[in-house]
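Observations on the three-dimensional arrangement
Here are the chains, one letter per residue:
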Amino acid sequence: MHVDVHAHAEADLERLWNTDEAAAATVTVTLQEIQGDPNLLDKLTQHGDNEFGTLRLNVKRWTAAKPPANVWRFRILDTPATSYRIVYGYHWQTRQLCVLAVAHKDDFDYELTSDLGRRILADWASL
Amino acid sequence: MSLQAISGGESWLIGLHSSQPSTQPGFVISAQFGAGRPLPMPNSKALDDLVAEAEAMPSRAAALRAARKTLAEPLHGTQAGLACMRMKAGKSQAQLAELAGTSQAHIARIEAGKNDPGTSLIARIARALDVAEVEVFTAVRSIQAEAESA
């Protein structure tokens, strides 16, 4: 299992490094640990509050996406990164997870018509 | 008959086969083969490359080490496993692999209890994490027992 980061999400993460280093490091390390442990990865495609040890990740599928897309988001609860939504798509055939956006929860509320919503779906469709 | 290893368009002679028994001293060669990493998706970058770029910047490297130490127990529970031990040392799987002279995939499998490291690798991991060998041995055995009972 491998994690890729789309160029747009890379830019999101770069902005986060420049504004909130602890949050950026938390997101990066969490993704890296998920990549290295199939048990953790499995929980990223299960809707709900999933426990990774005592760390809680709130995982939701973006059900509003049309046509239905295998696009999800997680939040890392009780950490410096709690306010950020990590949006990702999972490609079943290649077993690759692609991070599509890292957004503050106030900036993205799953609106399909928002600039970010359109960007995420367009990026996923292009992969 | 010759046995050749081919990689990146180059090939190396790594052995000869003869029907006659030989009294000449020889080498024991071991190798690890894997499927390798698929190419990143279009317009994307492998997370490992992104992390490597961050690790090259001192302040980001320090933030990553701090995040690993903070997340070690929450992420890997209270289990006395190697993953928790590694993160408490502020290291990624790739960093530990490099220091211990093995691959990231091998470290991942040891952490999952799927590979049994020999004593020399246990010693190298202990040195890399600056802990006693017996701690690594106990951590590895503990996660193996957990994996076997699952």
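Just so you know, these numbers come straight off a predicted model, no measurement behind them.

1. Re the overall build of chain B
Looking only at helices and strands, one finds seven helices and three strands in chain B. Scanning chain B from its N terminus toward the C terminus, one meets helices and strands in the order β-β-β-α-α-α-α-α-α-α. A burial count over chain B gives 34% of its 150 residues as buried. Within chain B, residue pairs in contact and separated by at least 24 positions form 36% of the contacts whose partners lie at least 6 positions apart. Total accessible area computed for chain B in this model is approximately 9300 Å², and 56% of it derives from carbon and sulfur atoms.

2. Let's talk about the overall build of chain A
Tallying secondary structure elements over chain A gives four helices and six strands in all. In chain A, the succession of α and β elements from N to C terminus is β-α-α-α-β-β-β-β-β-α. Seen through its C-alpha atoms, chain A measures out along the principal axes to roughly 35 × 35 × 25 Å. In chain A, which comprises 127 residues, the share counted as buried stands at 57%. Within chain A, residue pairs in contact and separated by at least 24 positions form 44% of the contacts whose partners lie at least 6 positions apart.

3. A look at the packing of aromatic side chains
Residues and elements named next belong to chain A. Counting across every chain of the model gives four aromatic pairs over all chains. When the ring of W62 is compared with that of F108, the centres are 5.4 Å apart and the planes differ by 90°; the resulting orientation is edge-to-face. Of the two residues, W62 sits in the loop between β3 (55–61) and β4 (71–76) while F108 sits in the loop between β6 (96–104) and α4 (115–126), which places them 46 residues apart along the sequence. In terms of burial, W62 and F108 fall into one category: buried.

4. Things to note about the interface of chain A and chain B
With 34 residues of chain A at the contact, the number on the chain B side is 35 residues. Buried surface at the junction of chain A and chain B, summed over both partners, amounts to about 2900 Å²; 61% is from carbon and sulfur atoms. Run the count over chain A and chain B and you get three salt bridges. Between A:E33 and B:R86 there is a salt bridge, and its shortest N-O distance comes to 2.7 Å. Linking chain A with chain B are 16 residue pairs in polar contact (both at pLDDT 80 or more). Those elements that provide at least two residues to the side of chain A that touches chain B are β1 (2–6), α1 (7–19), α2 (21–35) and β6 of chain A. The element contributing the most residues to the side of chain A that touches chain B is α2(A), with 10 residues. Across the side of chain A that touches chain B, the residue classes tally to 13 nonpolar, 15 polar and six charged.

5. Structural notes on the pairing of β3(A)
Residue and element names in this part refer to chain A. Sheet topology note: the strand β2 (residues 48–52)/β3 ladder contains five bridges and is antiparallel. Bridge pairing links E51 to R56 in β3. Bridge analysis of β3 against β4 gives five bridges, and the strand direction is antiparallel. Within β4, the position partnered with L57 by the bridge is I76.

6. Things to note about the packing of α1(A) against helix α2 (residues 58–76) of chain B
Close contact between α1(A) and α2(B) brings their axes to 11 Å; oriented N to C, the two are set at 90°. With respect to each other, α1(A) and α2(B) are oriented roughly perpendicular. Between α1(A) and α2(B), the residues in contact are A:E14, A:W17 and A:N18 and B:R60, B:A63 and B:L64, respectively. A breakdown of the residues in the contact of α1(A) with α2(B) according to their chemical character gives three nonpolar, one polar and two charged.

7. Brief notes about the sheet that holds β2(A)
Spatial strand order, β2(A)-β3(A)-β4(A)-β5(A)-β6(A)-β1(A)-β3(B): seven strands in an open sheet with mixed pairing. Taken across any chain shown, the strands that pair with only one partner, and hence form the sheet edges, are β2 of chain A together with β3 (44–46) of chain B. Strand-to-strand twist of the sheet, defined as the mean angle between neighbouring strand axes without regard to direction, takes the value 35°. Two strands pair when backbone bridges link them, and β4(A) and strand β5 (residues 84–91) of chain A are joined in this way by four bridges, in the antiparallel orientation. Bridge pairing links A:R73 to A:V87 in β5(A).

Calculation notes
- Residues numbered from 1 in each chain as written.
- Chains lettered and ligands numbered in written order.
- Predicted model: local features only at pLDDT ≥ 70, side-chain atom pairs only at ≥ 80, totals over all residues.
- Heavy atoms only, no water.
- Helix = DSSP H or I, 4+ residues; strand = E, 2+ residues; numbered from the N terminus.
- Buried < 20%, exposed > 50% of the residue type's maximum accessible area, 1.4 Å probe, protein only.
- Contact = heavy atoms within 4.5 Å.
- Areas by Shrake-Rupley, 256 points an atom, 1.4 Å probe, with all protein chains shown as cover.
- Phe/Tyr/Trp six-rings, centres within 6.5 Å; stacked < 30°, edge-to-face > 60°.
- Buried area = accessible area lost by both parts, 1.4 Å probe.
- Salt bridge = Lys/Arg side-chain N within 4 Å of Asp/Glu carboxyl O.
- Polar contact = N/O pair within 3.5 Å; in protein donor to acceptor, adjacent residues only side chain to side chain.
- Nonpolar A, V, L, I, M, F, W, Y, C, P; charged D, E, K, R; others polar.
- Pairing = 2+ DSSP bridges.
- Axes fitted to C-alpha atoms, helices over the stretch in contact; angles between N-to-C directions.
- Parallel < 35°, antiparallel > 145°, perpendicular 65-115°, else oblique.

Shape is all these values report; function is a separate question.
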